[in-house]
Amino acid sequence: MGAPLSAWPWENLGIFKYLLYGPFVAKVLYERFYEEEDSNNNFSWCFHLLVLCGLRGFLHVLWNSYSNMLFLTRNRRILQQGVDFKQIDKEWDWDNFLILQTMIASVAYYMFPFIQNLPAWNLKGVIAALILHVGISEPLYYWVHKKFHGDYFFTHYHSLHHSSPVPESLTAGNATVLEHLFLTLVIGIPILGASVMGYGSASLIYGYVLIFDFLRCMGHCNVEIVPHQLFERFPFVRYLLYTPTYHSLHHTDKDSNFCLFMPLFDAIGNTLNSKSWQLHKSLCSGNSSRVPDFVFLAHIVDVTSSMHPQVCLRSFASLPFTTRFFLIPFWPIALTILLAMWLWSKTFLASFYYLRGRLHQTWVVPRCGFQYFLPFATEGINKQIEQAILRADKIGVKVISLAALNKNESLNGGGKLFVDKHPNLRVRVVHGNTLTAAVILDEIPKDVGEVFLTGATSKLGRAIALYLCRKKVKVLMLTLSADRFQRIQKEAPPEYQSYLVQVTKYQAAQNCKTWIVGKWITPREQNWAPRGTHFHQFVVPPILSFRRDCTYGDLAAMRLPEDVEGLGCCEYTMDRGVVHACHAGGVVHSLEGWTHHEVGAIDVDRIDVVWKAALKHGLIPVSSGSTVKKGLKCEPKI
């Protein structure tokens, strides 16, 4: 059993904890519709509590969004590591303090009658609150904060707050009940003190609480925003306002920088970290970012999925994407932002992680999936991809991997267009489809003698067909183009060409139980598959799981090695730590240090090479049919 007031009483309620706001909502509704018009004090107080609580939560989320706007903040990040899933889960209930302080405020309303009829504004109250804050709240916080760093209090109460390796605005709320009771007292002293003097006002309550939260979030945001020129021109200001750098030193060196917002008290108490000002000046130079070794160039699937990155909601991004009802009201906002990004026509940095000490980043082309199929959009999309490749080449990126539609064959020939246009590229351009093919082949049972392949003349379909025919597996290649089929057939060794068979209708596969789907098929077309068929697939989006008497494979994906650091968001619908196979293919290319481009047609001879390299580096396929996942062997089944 933990120490008293170390655990939240509603921590086991999950999302149902928000029902604790129910009495406040009920009070507002009751007094709005049933009480007399002149009896509105209680309604006003409950209403303002709910509004203030919503504004405070929104303020924390906005600061968190700013921290994760890596395309704006990457050069001023204080701690370079990313926020991982472990920290996100630990801080999941960061907003518990809002419930606690709302309850305490409602009790205070009835305990102190002098706050029941406050005017909207009183300038004297602002001055009184400022004096009380500097004279009482700041030194009180400093003294108690140092006590929380004593052995007993730190172990049982304060260690939770310091367990977050990378401070963010949501970290500010991640603390025990005792700590937030103390913070409530710190916040309440200036407000109640000014009200006792007769100078209280509604604007004082809103303003003081929101400014308090603003400064707390700023200190935890992990991005330096205070210009060092301010301190150079007015040296005394450095003792009146702390900076994110100043507070981050408290998290890395917990025995210094204890102040609330004013370093003056650390200076008086001789607990000021000697690195504070110099580190602040260094970070303000804007040169703290690292050049990534690897970049995955992703794209937006649709408007709803554009709300999945960490820059929107960190908790939502840490789970596999699904369309949720709470996203619907934000759809117009997301669409507006997307339109602005299309006009701006710049790729942006969305997330990053470290693997084997190497920095891996995800850049995003701000284009939705449907745009890739508009003929008039081809030139603009290719221009954006080309600009991203040239930018990566300029800053020294070693490998850039193209996501699904960014390497579309009809768009740029699997990236070949850019390599041909810029033959002196130092960055290696990789489509990653060699590993995608290997993952699909690994799912196919060893004893299969015949498969049915749609999308047979695509880049992946061609490679899969040529690989399988060498293993003496009959491949029914669905295509209407005899010329394209014959070109692929001629690529196979003469003794294996007979294993490639052209078919033009789905009826030809009515006795084949292994379907490899590379082109979207309708439920009606699925009906030609016999009972017990398994649908392997490399088509985006995945086909509908229509047949209950059949099974459906996952999209080709691999789990990153266990030593990956700073990964805190899911790649679209993938589970935590899982990436699409083309992404994993780029990772392997980077880890192996290969110096060739992987563009255009897939080199069938390299499928086994890439597969073994992926396994060597600890990447694991996630398909339930994988031999590696079952621990059987380390090469494709076929």
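Residues numbered from 1 in each chain as written. Predicted model: local features only at pLDDT ≥ 70, side-chain atom pairs only at ≥ 80, totals over all residues. Heavy atoms only, no water.

S.K.: Tell me about empty space enclosed by the protein, and name the residues and values.
M.R.: Tallied over the entire structure, the rule returns five cavities of 30 Å³ or more. Put simply, the largest cavity is a space of about 160 Å³. Tyr-141, His-158, Glu-179, Leu-183 and Arg-216 are, among the 15 residues lining the largest cavity, the residues nearest its centre. For the lining of the largest cavity, the secondary structure elements donating two or more residues are α6 (123-148), α7 (151-162), α8 (177-196), α9 (202-220) and α11 (244-252). At four residues, the largest contribution of residues to the lining of the largest cavity is made by α8. When the residues that make up the lining of the largest cavity are grouped by side-chain class, the tally is six nonpolar, seven polar and two charged. Estimated volume of the second largest cavity: approximately 100 Å³. In terms of lining residues, the second largest cavity is bounded by Leu-70, Arg-74, Arg-77, Gln-80, Ser-289, Arg-290, Leu-349, Phe-352, Tyr-354, Leu-359 and Gln-361. Only β2 (348-355) and β3 (358-365) provide two or more residues apiece to the lining of the second largest cavity. The element contributing the most residues to the lining of the second largest cavity is β2, with three residues. (1 Å grid on protein atoms, 1.4 Å probe; cavity = no way out; pocket = protein on both sides within 12 Å on 5 of 7 lines; lining within 4 Å. Points joined across faces, edges and corners; volume = space filled by probe spheres on them. Helix = DSSP H or I, 4+ residues; strand = E, 2+ residues; numbered from the N terminus. Nonpolar A, V, L, I, M, F, W, Y, C, P; charged D, E, K, R; others polar.)

S.K.: So what about the environment of Ala-340? Which residues, and what values?
M.R.: Turning to its location among the elements, Ala-340 is positioned in helix α15 (residues 331-344). Sequence-wise, Ala-340 and Pro-366 are 26 residues apart; in three dimensions their C-alpha atoms are separated by 9.4 Å.

S.K.: Describe the sheet that holds strand β6 (residues 450-453), with residues and values.
M.R.: Ordered by their spatial adjacency, six strands build an open sheet running β8-β7-β6-β9-β10-β11, and the pairing between neighbours is parallel. Single-partner strands in this sheet number two, and they are β8 (500-503) and β11 (551-552). Judged from the four bridges that link them, strand β9 (residues 514-517) and strand β10 (residues 534-537) form a sheet pairing that is parallel. Bridging across to β10, Trp-515 finds its partner in Phe-535. Packed onto the sheet, helix α21 (residues 482-491) meets β7 (474-478) and β8 and runs at close to 175° relative to β8. (Pairing = 2+ DSSP bridges. Contact = heavy atoms within 4.5 Å. Axes fitted to C-alpha atoms, helices over the stretch in contact; angles between N-to-C directions.)

S.K.: Please give an account of the layout of surface pockets that cites residues and values.
M.R.: By volume, the second largest pocket is sized at about 750 Å³. Lining the second largest pocket we find 32 residues, and of these Trp-45, Leu-49, Ala-105, Ile-191 and Ile-205 sit closest to its centre. For the lining of the second largest pocket, the elements supplying multiple residues, two or more each, are α2 (41-67), α5 (96-111), α8 and α9.

S.K.: Describe the pattern of salt bridges, listing the residues and the values that go with them.
M.R.: A full pass over the atoms with the stated rule returns 21 salt bridges. Of the charged contacts in the structure, one is a salt bridge between Lys-254 and Asp-255, with a shortest N-O distance of 3.9 Å. In this structure, the salt-bridge partner of Arg-356 is Asp-563, at a minimum N-O distance of 2.7 Å. With a gap of 207 residues between them, Arg-356 in the loop between β2 and β3 and Asp-563 in the loop between β12 (557-559) and β13 (578-580) connect regions that are remote in the sequence. (Salt bridge = Lys/Arg side-chain N within 4 Å of Asp/Glu carboxyl O.)

S.K.: Describe the side chain of Thr-245, and please don't skip the residues or the numbers.
M.R.: Counting through the fold element by element, Thr-245 comes out in helix α11. The exposure class assigned to Thr-245 is buried, which follows from its relative accessible area of 0%. When sequence neighbours within four positions are dropped, the list of residues in contact with Thr-245 reads Ile-78, Glu-224, Ser-276, Leu-279, His-280 and Leu-283. (Buried < 20%, exposed > 50% of the residue type's maximum accessible area, 1.4 Å probe, protein only.)

S.K.: Break down the sheet that holds β3 for me, citing the residues and quoting the values.
M.R.: Spatial strand order, β2-β3-β1-β4-β5: five strands in an open sheet with mixed pairing. Unpaired on one side and paired on the other, β2 and β5 (428-430) mark the two borders of the sheet. Strand-to-strand twist of the sheet, defined as the mean angle between neighbouring strand axes without regard to direction, takes the value 20°. Across four bridges, strand β1 (residues 294-299) lies against strand β4 (residues 399-402) in parallel orientation. Paired with Phe-294 across the strands is Val-399, a residue of β4. Sitting on the sheet, helix α16 (residues 378-395) touches β1, β3, β4 and β5, and the angle it makes with β3 is about 155°.

S.K.: So what's going on with the nonpolar core? Residues and values would help.
M.R.: In summary, soluble globular proteins display a tendency toward joint burial of nonpolar side chains. By size, the foremost hydrophobic cluster in this structure holds 74 residues, and its most contacted members are Leu-435, Leu-468, Leu-500, Ile-516 and Ile-607. The biggest single contributor to this core is helix α20 (residues 459-470), with eight residues. If we ignore the near neighbours within four places in the chain, the residues touching Leu-500 are Ala-465, Leu-466, Cys-469, Val-475, Met-477, Phe-485, Ile-488, Gln-489 and Ala-492. Ranked by size, the runner-up nonpolar core spans 40 residues in total, among them Ala-3, Ile-115, Val-223 and Tyr-242. (Core = buried A, V, L, I, M, F, W, Y, C linked by side-chain atoms within 4.5 Å.)

S.K.: Before we move on, can you summarise the pairing of β6 with the specific residues and values?
M.R.: With four bridges connecting them, β6 and β7 associate as parallel partners. For Glu-450, the partnering residue across the bridge sits in β7 and is Lys-474. For the handedness criterion, the β-α-β arrangement of β6, α20 and β7 is classed as right-handed. As judged from the two bridges shared by β6 and β9, these two strands associate in the parallel manner. Among the inter-strand pairings, Phe-452 is bridged to a residue of β9, identified as Trp-515. (Right-handed = clockwise from strand over helix to strand, strands pointing away.)

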